[in-house]
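Single-letter residue listing:
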Amino acid sequence: MFGYVRALKPQMKVCEYDTYKSVYCGLCKKMGKEFGFVSRMTLSYDFTFLALMNMALNDFEICHKNERCIAHPLKKSMCLKCSDGLEYPSYAAVILIYHKLKDDYADKGFKGKTLAFVTLPFLKKGYKKAKNKYPDLAQKIEFYMNEQKKIEKKNTSSVDEACEASSQMMGEIASYLSDDEETKQVLSRFGYFLGRYVYLCDALDDLKKDCKKGNFNPLRNYFGFEEKELSSEDFDKARKYTLDSVNFTMAELAESYVNLNQKHFKPINDNVVYLGMKNTFSLVYNEKFGKKEKKEK
């Protein structure tokens, strides 16, 4: 996952935002404890949302504690403590990230290959641990990652076909958040459209770069873009098409979301689903996603 699933901070209460950050911190520390320091560097807010949904749907014991971390060593921050609620998201994250890095090493350019080459050895042991605990999930993620490769090698011009494997994979990941069969079905559909949303955001976000480098991108193929430098008119066509597809996807996602019986964190999760994801796509649409973060760094 790529950081496209996040909350909209200005529309959160202070206590909600503090709680949101505490889940991120708790998940980061959980990953470090289970899989080593390097795994913490791969964490994104996408998995924070997965952790929030896991704890929202289940009766886990939840508490908070003020702790220091490597990012803020001089100041203590609120950190969520819920080993049961954070376990599955951390294990799912490592399995998915490991396969994503393997995919990057095989298909990405020099920068992507180098990052994957450096990171993979540190995650190998953690991946084996996660695979042993969730063998079915690891097998399904590997299967859908391979299906995604096949679709891309086919060089499809169908955006729906290009989204399918990633959408199915996210549906599988989400379905593990509950043992109740009826809830699992709702989660599977919710996860499917969540995965589709992420794929569409990523496709539009990378479109200009993929055209320049000649990489696979379903939007590039759908519109038949041949030029390395994408014109503003062509990009406008692609982003309007993606906006329509994202609006449909978000409507289906919301329809599934309302059928989930959340026991905790509902206001925060509502913010992510109804405000945060729309805001993130708006940033992608206007070519502003990630630019503020880079400036701050």
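Calculation criteria
- Residues numbered from 1 in each chain as written.
- Predicted model: local features only at pLDDT ≥ 70, side-chain atom pairs only at ≥ 80, totals over all residues.
- Heavy atoms only, no water.
- Helix = DSSP H or I, 4+ residues; strand = E, 2+ residues; numbered from the N terminus.
- Rg over C-alpha atoms; globule rule 2.2 N^0.38 Å.
- Buried < 20%, exposed > 50% of the residue type's maximum accessible area, 1.4 Å probe, protein only.
- Contact = heavy atoms within 4.5 Å.
- Areas by Shrake-Rupley, 256 points an atom, 1.4 Å probe, with all protein chains shown as cover.
- Axes fitted to C-alpha atoms, helices over the stretch in contact; angles between N-to-C directions.
- Parallel < 35°, antiparallel > 145°, perpendicular 65-115°, else oblique.
- Left-handed = near helix turned anticlockwise from the far one by under 90°.
- Nonpolar A, V, L, I, M, F, W, Y, C, P; charged D, E, K, R; others polar.
- 1 Å grid on protein atoms, 1.4 Å probe; cavity = no way out; pocket = protein on both sides within 12 Å on 5 of 7 lines; lining within 4 Å.
- Points joined across faces, edges and corners; volume = space filled by probe spheres on them.
- Core = buried A, V, L, I, M, F, W, Y, C linked by side-chain atoms within 4.5 Å.
- pLDDT = per-residue confidence, 0-100.
- Patch = residues over 30% accessible without salt bridge, like charges linked within 9 Å, V, L, I, M, F, W, Y side chains within 5 Å.
- Salt bridge = Lys/Arg side-chain N within 4 Å of Asp/Glu carboxyl O.
- Lys, Arg positive; Asp, Glu negative; His and termini not counted.
- Charge placed at Lys NZ, Arg CZ, Asp CG, Glu CD.
- Polar contact = N/O pair within 3.5 Å; in protein donor to acceptor, adjacent residues only side chain to side chain.

Some remarks on the overall build of the protein
Thought 1: Within the protein one finds 13 helices and two strands.
Thought 2: Here the C-alpha atoms of the protein give a radius of gyration of 19 Å, agreeing with the 19 Å that 2.2 N^0.38 yields for 297 residues.
Thought 3: Its C-alpha atoms give the protein principal-axis dimensions of roughly 55 × 45 × 40 Å.
Thought 4: Taken over 297 residues, the protein has a buried fraction of 50%.
Thought 5: Within the protein, counting contacts between residues at least 6 apart in sequence, those at least 24 apart form 69% of the total.
Thought 6: Accessible surface computed for the protein: about 15,600 Å², of which carbon and sulfur atoms make up 51%.

With respect to the packing of helix α3 (residues 45-57) against helix α12 (residues 266-285)
Thought 1: Their axes nearest at 10 Å, the elements α3 and α12 cross at an angle of 135°. As far as their axial angle goes, α12 and α3 are oblique. In this structure, α3 meets α12 at a crossing whose hand is left-handed. For the pair α3 and α12, contact is made by Phe49, Leu52, Met53 and Ala56 and by Ile268, Asn269, Val272 and Val273, respectively.
Thought 2: Residues of the contact of α3 with α12, tallied by class, amount to seven nonpolar, one polar and no charged.

Things to note about empty space enclosed by the protein
Thought 1: Summed over all chains, the structure comprises one cavity of 30 Å³ or more.
Thought 2: Estimates place the volume of the largest cavity at around 40 Å³.
Thought 3: If you trace the largest cavity, you find it lined by Phe49, Leu50, Met53, Met170, Ala174, Leu177, Phe190, Gly191 and Leu194.
Thought 4: Going through the elements one at a time, α3, α7 (159-175) and α8 (181-205) are the ones with two or more residues in the lining of the largest cavity.

Brief notes about the nonpolar core
Thought 1: Counting 89 residues, the largest nonpolar core has Ile173 and Tyr197 as its most contacted members.
Thought 2: It is α8 that provides the largest number of residues to this core, a total of 13 residues.
Thought 3: Beyond its immediate chain neighbours, meaning those up to four positions away, tyrosine 197 contacts Tyr4, Val5, Val246, Thr249, Met250, Met277, Thr280 and Phe281.

Notes on the confidence of the model for the protein
Reading fine detail from the predicted coordinates is not recommended where pLDDT is low.
Thought 1: Averaged over all residues, the pLDDT of the protein equals 91, while 95% of them reach at least 70.
Thought 2: Across residues 293-297 the pLDDT falls below 50, and counting only partners more than four positions away or on other chains, this stretch makes one contact in the model.

Details of a positive patch on the surface
Thought 1: Positive charge collects at one region of the surface, where Lys102, Lys124, Lys128 and Lys131 lie side by side.
Thought 2: Take the positive patch: its biggest share by element is three residues, from helix α5 (residues 110-133).
Thought 3: Mapped onto the fold, lysine 102 is located in helix α4 (residues 83-107).

Let's talk about the pattern of salt bridges
Thought 1: Using the criterion set out here, one finds 17 salt bridges in the structure.
Thought 2: When the shortest N-O distance is used, the salt bridge between glutamate 287 and lysine 208 registers 3.0 Å. Taken together, the residues glutamate 287 in the loop between α12 and α13 (291-296) and lysine 208 in helix α9 (residues 207-213) connect sequence positions 79 residues apart.
Thought 3: Two residues, aspartate 270 and lysine 266, come together in a salt bridge whose shortest N-O distance is 3.0 Å. Of the two residues, aspartate 270 and lysine 266 are both situated in helix α12; the distance of four residues between them amounts to about one turn of the helix.
Thought 4: Under the relative-accessibility criterion, lysine 266 is labelled partly exposed at 39%.
Thought 5: A network of salt bridges, in which partner residues are shared, links Lys29, Glu67 and Lys81.

Comments concerning the side chain of serine 167
Thought 1: With respect to the secondary-structure elements, serine 167 resides in helix α7.
Thought 2: From its side chain, serine 167 meets the backbone oxygen of cysteine 163 in a polar contact 2.8 Å long.

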